[in-house]
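# Observations on chain architecture
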Amino acid sequence: MENVKPDLTTKIASLTLKNPVMTASGTFGYGEEYADFIELQRLGAIVVKGLSYKPKKGNPPPRLIETPCGILNSIGLQNIGVETFIKEKLPFLRNLQIPVIVNFFGDSISEYIKTAEALSGVKGIDALEMNISCPNKEAQWCIFGTDARTMREVIEAVRRVTNLPLIVKLTPNVTDIALMAKIAEDSGADAVSLINTITGMAVDIIQRKPLLANVTGGLSGPAIRPIAVRMVWEVCKAIKIPVIGMGGITTYKDALEFLIVGAKAVAVGTANFFNPRATIEIIQGIENFLLENNISHINQVIGSIKL
Amino acid sequence: MENVKPDLTTKIASLTLKNPVMTASGTFGYGEEYADFIELQRLGAIVVKGLSYKPKKGNPPPRLIETPCGILNSIGLQNIGVETFIKEKLPFLRNLQIPVIVNFFGDSISEYIKTAEALSGVKGIDALEMNISCPNKEAQWCIFGTDARTMREVIEAVRRVTNLPLIVKLTPNVTDIALMAKIAEDSGADAVSLINTITGMAVDIIQRKPLLANVTGGLSGPAIRPIAVRMVWEVCKAIKIPVIGMGGITTYKDALEFLIVGAKAVAVGTANFFNPRATIEIIQGIENFLLENNISHINQVIGSIKL
Amino acid sequence: MNKFFPAKAIESVCIGKNFHFLRLTPLEEIILPIYGQFYMLQCGETYDPLLKRPFSIFDYDATYLEFLFRVKGKGTSLLSQTKKGQLVYLLGPLGNGYPQPPGDFIVVAGGIGIASLMPLLKFHQKRAILFYGARNSDELVMRDRVSEMAKHYYFSTDDGSIGQQGLITDLFFNFLDSNGNLTNLPVYACGSTPMLKTLREITEKYHIICYASVEEYMACGIGACLGCVIKIKNYDDISGFQYSRVCKEGPVFALKDIFW
Amino acid sequence: MNKFFPAKAIESVCIGKNFHFLRLTPLEEIILPIYGQFYMLQCGETYDPLLKRPFSIFDYDATYLEFLFRVKGKGTSLLSQTKKGQLVYLLGPLGNGYPQPPGDFIVVAGGIGIASLMPLLKFHQKRAILFYGARNSDELVMRDRVSEMAKHYYFSTDDGSIGQQGLITDLFFNFLDSNGNLTNLPVYACGSTPMLKTLREITEKYHIICYASVEEYMACGIGACLGCVIKIKNYDDISGFQYSRVCKEGPVFALKDIFW
Ligand SMILES: Cc1cc2nc3c(=O)[nH]c(=O)nc-3n(C[C@H](O)[C@H](O)[C@H](O)COP(=O)(O)OP(=O)(O)OC[C@H]3O[C@@H](n4cnc5c(N)ncnc54)[C@H](O)[C@@H]3O)c2cc1C
Ligand SMILES: Cc1cc2nc3c(=O)[nH]c(=O)nc-3n(C[C@H](O)[C@H](O)[C@H](O)COP(=O)(O)OP(=O)(O)OC[C@H]3O[C@@H](n4cnc5c(N)ncnc54)[C@H](O)[C@@H]3O)c2cc1C
Ligand SMILES: Cc1cc2nc3c(=O)[nH]c(=O)nc-3n(C[C@H](O)[C@H](O)[C@H](O)COP(=O)(O)O)c2cc1C
Ligand SMILES: Cc1cc2nc3c(=O)[nH]c(=O)nc-3n(C[C@H](O)[C@H](O)[C@H](O)COP(=O)(O)O)c2cc1C
Ligand code: FES
Ligand code: FES
């Protein structure tokens, strides 16, 4: 039998990705950092570091520490702000001819609105990913993504001001992730992505103080993969809009776990740090897997789990 | 200066432990399995595999799979039941002259009551640890430990029927662990222990089916330690009753992280599997640490975190 | 009784693509294993891989322990990089082991399953009729060393590169067919699940007693985690089965008792 | 420009308790580093340790790369077990490197900090006045190889086992005190934070330019994660500082600009 190159095309709302592998926000800078290592054009999509309206300094160091099979980080959402991004980083990304997804956040609903508006209608930005795992300035006790009512409010507000495909990025620090996904769907999201990092902490036993200046940080990397796969599976069962899966993906096998439980695309995060070629190797690995198993289209893998 | 042997004594409700290191339920069998490897008498306390009123067969295999720095298990609470435990396992444990804590669970409030009653007033059982991370037969949509109202109900019910020190074991699969701990405290718990395993999933990409027969399982081991430390820290700040910390503890350094954020004792779980001498090495390690740092009492370490 | 102890690698050699042989000298007095028992071996120095891996004892006396294994995933891959002189930590001997053969007996080994059966052959020299099959001659590892212990031996390979072409169970079946008098010998077997399933059909047909060593994922190896269970027939229970721990009640079970 | 490439270990030797020397031959054409740059080296084969570790380039040409490191935790411990012939994956060259010295210059090295400064000495032979201190003579590693590149050299150890007893910064301070004319030479430094802080006091006092290579935990090494920042003075910003990435804007900073 002749081996035909399998079709890896997948759709996230109105975006068509030539393959289901994208980068996870905050782990791929603004793309250019990885240009020495891979052909960026081969990516399914590129998701940039989370932006706020104004530049943000981020947290004091130390900001990261390795833990067993994972890392804890508290970058504190340092970023260059919307304006500088559009001026200095977007032209390069636009040239790549692949979907550019801009991750953004705010510390109040009005900040979210302002940022979404500033990013909409800009040539070269193909979709928005809304990070709702951020502290809520107005209600000190919660982050946007853990309280159902606040979450609905902020998503609806953003939905009203943008026509771009809107991906809502869910936090795993909740009791019922499927419920949160449902709320995102009902509030107007075109897709959801998950998981963001899981809150963790590490202690310097000699100094008796936290190893991160910010006390707690977000856990990512292979350690969290089983939790992420479970959550993506729960969400895929609960909603109809596309799901982008991530959390600890390091090899094509990991990526396939997420696709099999129902994710339409996956994002590679921490793995980029220890293997700058991870995304490309994963794309290649998925393609080979389909070839070897005589599967002509990635759609036949997505959601194919047998229970 | 002369080095005096440091005092490791710690108190959990009315129990006095000669050191803060206990075993985590389900990872130490009924104690006797480890008698070849360590002097069981040296443990701070022993916590046995979770018991239900009647014996339980547990889940079909495969029941466990290794994941990066962790394991996923779905034993399904297989156990020999209260009666056989008291008859066949307790005499051995009683002889050890260390506190014996019995972990138990039910699938309905009445099962919890029945089991707690059967375990109370039995010579050799020094405290009960109530596992509330079990599916609730009466309310299919929840497990006891994730819904505030159900949790309160079941703890209050058990509290009414036992005078033994009651430890409530919290599940980490919640948005706000401090809130759950507060509910346990308010409902009459004498102490809380955390964390139980985090729900996860792994997929066989060739067969396209879950690697565990039960689909999902509980993640434990070093991978989850940063999450556990964070949760223990949050709980210690929120309640006054003693906290027993666990999740990924493998070395004395890990144990100290939990003690420093405020746990009065720690439990060692998955580490027993790959190092049957883990508990003893941790006790020894803590003792040496205190000696080297001229700390005379473990109380000076507990809760000593500087923020 | 079992122990957790360090041993020193005195031989560590690749014996064919993806097969490795390890000979260790225990650094403490050991408890002598019995045939069919196994050890948990630490692979690597960090938390990944996390768990020890189970391996049957291939050969031993009071001064050495030998293991034969297939390089499968990351644990065995690291273990195969063990250098001469390096320390290896082990836990064991574990499990029940094979019951003592009453006289002559039959051994059916599928691939690396031979590792578990070797001590039976060694301690009952020239008493066993050995059936040993593998994918090809390369994977029929240590065949000279094991076959010289047997009274008679028969090899098979999937590709016919050595011995008879085909499955070892076919070879065994044909053998029984033409040697009816041998159906009163007990069979000792270790191999893949498909092999054991076929073997069960055969031995049930001839009413032959068959002991099989089986595999299941293990965490503790000492009966504490309840992770390694398989379904074993139990007519005292209304369900007709019970879960037995491969590491404690096994790894050797009467093949007829396994609930597949 | 930087690259991710494999190299083969051609020398891997312990050079004193907890110190290791590694010489690699790149298996691909490399981009030549400049002094003060570093590489991220993969330690081990599994996910634990997860991240690559940063190491300064100690010596190099187009055909080899050398690293000198202290065995600290699990990453360096695994790396120190590299066997001759083994593959090591690296990413680099990374970071900014030291600015070119205009003529003669001063080098102040604390312990393993020497690794970062060696190429400066090598590529400007007999131009540097070297101050090299460590805890004791065992930890004053490679002192012959580095000192022969210097114009003058001075050693110090905490225990006085070699060179002058005391801190290298004290030695340096006394030297300046009695050689006032040398305060116009730029200083290149690498060592512990306390050492650099003292050095800052000294160099500020004498208005000497000082370039220091600093360390921070790193994940990516290429400027993408923003994990490795330190506070750098920036009077254009109302806060008076900015966070700069050690892996990209550093690891070499003008010592006076560091906001401690
Ligand atoms: C009692 C017993 C005796 C054994 N004796 C031998 C022997 O003598 N020679 C030999 O080559 N192999 C033997 N095996 C199988 C051997 O344990 C596995 O091949 C090995 O654990 C694979 O580890 P890995 O990390 O290389 O593979 P991975 O697939 O990366 O392992 C991942 C996880 O799966 C487990 N696992 C994978 N395959 C098996 C398996 N077949 N059985 C049990 N657990 C498995 C591992 O222990 C680990 O926890 C035996 C298994 C058991 C249960
Ligand atoms: C630019 C740069 C150049 C360096 N050059 C050298 C060199 O030439 N020789 C040498 O011996 N050391 C050098 N170091 C320090 C070296 O990177 C650490 O000692 C090493 O990462 C420790 O890893 P570990 O796993 O053994 O220790 P662990 O303590 O187990 O490491 C845990 C984590 O902390 C990080 N870490 C620990 N110590 C340091 C440190 N001092 N700096 C940065 N990260 C650290 C590790 O990278 C890892 O992520 C350099 C560091 C940097 C930033
Ligand atoms: C250093 C770092 C920075 C991150 N920054 C962002 C961010 O700005 N916005 C966001 O939505 N997620 C951010 N994330 C989360 C990742 O996008 C991803 O959801 C998470 O790391 C899990 O995937 P992984 O395990 O593959 O890394 C960040 C993660 C890391 C490790
Ligand atoms: C195989 C296994 C069985 C367990 N059984 C129980 C149980 O019966 N009851 C319970 O409360 N917790 C049970 N646990 C949870 C542990 O007691 C502990 O909370 C958890 O594993 C986290 O600690 P660790 O990372 O040190 O293992 C079990 C854990 C494992 C791995
Ligand atoms: S491996 Fe733990 S009970 Fe068998
Ligand atoms: S290490 Fe990632 S930005 Fe410097």
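Quick summary incoming for the structure in this document. (Residues numbered from 1 in each chain as written. Chains lettered and ligands numbered in written order. Predicted model: local features only at pLDDT ≥ 70, side-chain atom pairs only at ≥ 80, totals over all residues. Heavy atoms only, no water.)

### Description of the interface of chain A and chain B
Contacts between the two partners involve 44 residues from chain A and, on the opposite side, 44 residues from chain B. For the pair chain A and chain B, the summed buried surface comes to about 3,700 Å²; carbon and sulfur atoms form 70% of the total. Looking at the side of chain A facing chain B, the largest losses of area belong to A:Met201, A:Ile205 and A:Arg208, adding up to 21% of the total buried there. Counting across the chain A and chain B interface gives zero salt bridges. The tally of links between chain A and chain B comes to 15 residue pairs in polar contact (both at pLDDT 80 or more). Counted by class, the side of chain A that touches chain B contains 27 nonpolar, ten polar and seven charged residues. (Contact = heavy atoms within 4.5 Å. Buried area = accessible area lost by both parts, 1.4 Å probe. Salt bridge = Lys/Arg side-chain N within 4 Å of Asp/Glu carboxyl O. Polar contact = N/O pair within 3.5 Å; in protein donor to acceptor, adjacent residues only side chain to side chain. Nonpolar A, V, L, I, M, F, W, Y, C, P; charged D, E, K, R; others polar.)

### Examining the relation of the copies chain A and chain B
After a rotation of 180 degrees and a shift along the axis of 0.0 Å, chain A superposes on chain B with an RMSD of 0.0 Å. This pairing of chains is accounted for by a two-fold axis. Looking at the interface residues of chain A, 100% of them are also at the interface in chain B, so both copies use one shared face. (Least-squares fit on C-alpha atoms with pLDDT ≥ 70 in both.)

### Comments concerning the interface of chain D and chain C
Each partner contributes to the interface: chain D provides ten residues, whereas chain C provides ten residues. Among the residues of chain D in contact with chain C, D:Glu45, D:Thr46 and D:Asp48 are the three that bury the most area, contributing 57% of the side total. Counting the contacts that link chain D with chain C gives zero salt bridges. In this structure, the connection of chain D to chain C is made through six residue pairs in polar contact (both at pLDDT 80 or more). Looking at the side of chain D that touches chain C residue by residue, the class counts come to three nonpolar, three polar and four charged.

### Quick word on helix H3 (residues 148–161) of chain A
All names here are of chain A. Between its first and last C-alpha atoms H3 spans 21 Å; for 14 residues at 1.5 Å apiece the expected length is 20 Å, and the two agree. Those residues of H3 that sit buried are Thr150, Met151, Val154, Ile155, Ala157 and Val158. One side of H3 holds all its buried residues, which, seen down the axis, span an arc of 160 degrees. More than 90 degrees from the buried face of H3, the exposed residues found are Arg149 and Arg160. (Helix = DSSP H or I, 4+ residues; strand = E, 2+ residues; numbered from the N terminus. Expected span 1.5 Å × (residues − 1). Buried < 20%, exposed > 50% of the residue type's maximum accessible area, 1.4 Å probe, protein only. Arc of directions from axis to C-beta.)

### Describing the packing of aromatic side chains
Per the counting criterion, the structure on display carries 48 aromatic pairs over all chains. With 6.5 Å between their ring centres and 50 degrees between their planes, A:Tyr252 and A:Phe289 make a pair best called tilted. Taken as a pair, A:Tyr252 in helix H6 (residues 252–260) and A:Phe289 in helix H8 (residues 278–292) lie far apart in primary sequence, 37 residues in all. Residue A:Tyr252 is classed as partly exposed on the basis of its relative accessible area of 26%. Each ring, one from C:Phe241 and one from C:Tyr243, has its centre 5.3 Å from the other, and the planes form 65 degrees; the classification is edge-to-face. With respect to burial, C:Phe241 and C:Tyr243 carry one shared label: buried. Taken together, the ring pairs in this structure connect C:Tyr98, C:Phe105, C:Tyr188 and C:Tyr211 into an aromatic cluster. Of note, B:Lys57 hangs over the ring of C:Phe241, and the distance from its end group to the ring centre comes to 4.9 Å. Lying over the aromatic face of D:Phe241, D:Lys231 brings its terminal NZ or CZ to 4.5 Å of the ring centre. (Phe/Tyr/Trp six-rings, centres within 6.5 Å; stacked < 30°, edge-to-face > 60°. Lys NZ or Arg CZ within 6 Å of the ring centre and 35° of its normal.)

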